[in-house]
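Per-entry structural report
The chain contents come next:
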Amino acid sequence: MKLETLIEVTRIKMEIKEVEETYRNMMPNRIHSASDAINFAKALIGDEDREIFLVLCLNTKNEITAVHRCHTGSINASIVHPREVFKSAILNNSASIIVAHNHPSGDCQHSPEDIAVTKRLEEAGAIIGIELLDSLIVSHKDGVSLREKGII
């Protein structure tokens, strides 16, 4: 391997490590409440300019074992399929998941589509044995838990 190539690979690995360390510093040790998950999701996707759908994979102690950026949508929509959502949860041996998406408009009011997707994911999780703990909507300034709203 040429020296220039080796230097470039090393530089890329260092950049990836820096991102991982920064990301770990934002991550709570354990999800104790909806606000823990909301604050983490806000830090990751709250200021994005298009809808992003995240899957937080949790173990039996509610510790985050993986975060999957499942889908990037448009400024006001994101297509979500249970297969894609639960793929990362299955591969990471997750006991449960929390899903989150952002509303770039800043308005965290849930839509009928948000509720329909959440219900579908809840049903799929029940079938495969991975509980959907919560579905969150976040923005750069706010966040909402559909569990706390009594929707799931």
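Preceding this paragraph is the structure being described.
Residues numbered from 1 in each chain as written. Predicted model: local features only at pLDDT ≥ 70, side-chain atom pairs only at ≥ 80, totals over all residues. Heavy atoms only, no water.

Thoughts on the overall build of the protein chain
- Counting its regular elements, the protein chain contains four helices and five strands.
- Starting at the N terminus and walking to the C terminus, you meet the elements of the protein chain as α-α-β-β-α-β-α-β-β.
- By residue count, 38% of the 152 residues in the protein chain fall in the buried class.
- Counting only contacts in the protein chain whose residues sit at least 6 apart along the sequence, the fraction spanning at least 24 positions is 66%. (Helix = DSSP H or I, 4+ residues; strand = E, 2+ residues; numbered from the N terminus. Buried < 20%, exposed > 50% of the residue type's maximum accessible area, 1.4 Å probe, protein only. Contact = heavy atoms within 4.5 Å.)

Remarks on unusual backbone geometry
- The backbone of N62 sits at a positive phi, close to 60°, despite the residue not being glycine.
- Assignment of secondary structure puts N62 in the loop between β1 (52–58) and β2 (64–72).
- The exposure class of N62 is partly exposed, given its relative accessible area of 25%.

Considering the pattern of salt bridges
- Across all of its chains, the model carries five salt bridges by this definition.
- Between R50 and D49 there is a salt bridge, with the nearest N and O atoms lying 3.2 Å from each other.
- By relative accessible area, R50 is classed as partly exposed at 38%.
- Judged by relative accessible area, D49 falls into the partly exposed class, the value being 49%.
- A salt bridge links R83 to E84; the shortest N-O distance between them is 3.6 Å.
- Judged by its relative accessible area of 55%, R83 falls in the exposed class.
- Salt bridges linked by common partners bring R83, E84 and K87 together as one network. (Salt bridge = Lys/Arg side-chain N within 4 Å of Asp/Glu carboxyl O.)

Observations concerning the nonpolar core
- Counting 21 residues, the largest nonpolar core has F53, V55, V85, F86, I97, V99 and L121 as the members making the most contacts within it.
- Within the residue set of this core, elements represented by two or more residues are β1, β2, α3 (82–91), β3 (96–102), α4 (112–128) and β4 (131–138).
- With residues near it in sequence (within four places) discarded, L121 still touches F53, V80, P82, V85, F86, V99 and L132. (Core = buried A, V, L, I, M, F, W, Y, C linked by side-chain atoms within 4.5 Å.)

Observations regarding the packing of α3 against α4
- Running from N to C, α3 and α4 cross one another at 45°; their axes reach a closest spacing of 10 Å. Regarding the angle of α3 to α4, the classification is oblique. For α3 against α4, the interelement crossing comes out right-handed. Of α4, the residues touching α3 (which contributes P82, V85, F86 and I90) are R120, L121, A124, G125 and I128.
- Of the residues contributing to the contact of α3 with α4, the split by class is seven nonpolar, one polar and one charged. (Axes fitted to C-alpha atoms, helices over the stretch in contact; angles between N-to-C directions. Parallel < 35°, antiparallel > 145°, perpendicular 65-115°, else oblique. Left-handed = near helix turned anticlockwise from the far one by under 90°. Nonpolar A, V, L, I, M, F, W, Y, C, P; charged D, E, K, R; others polar.)

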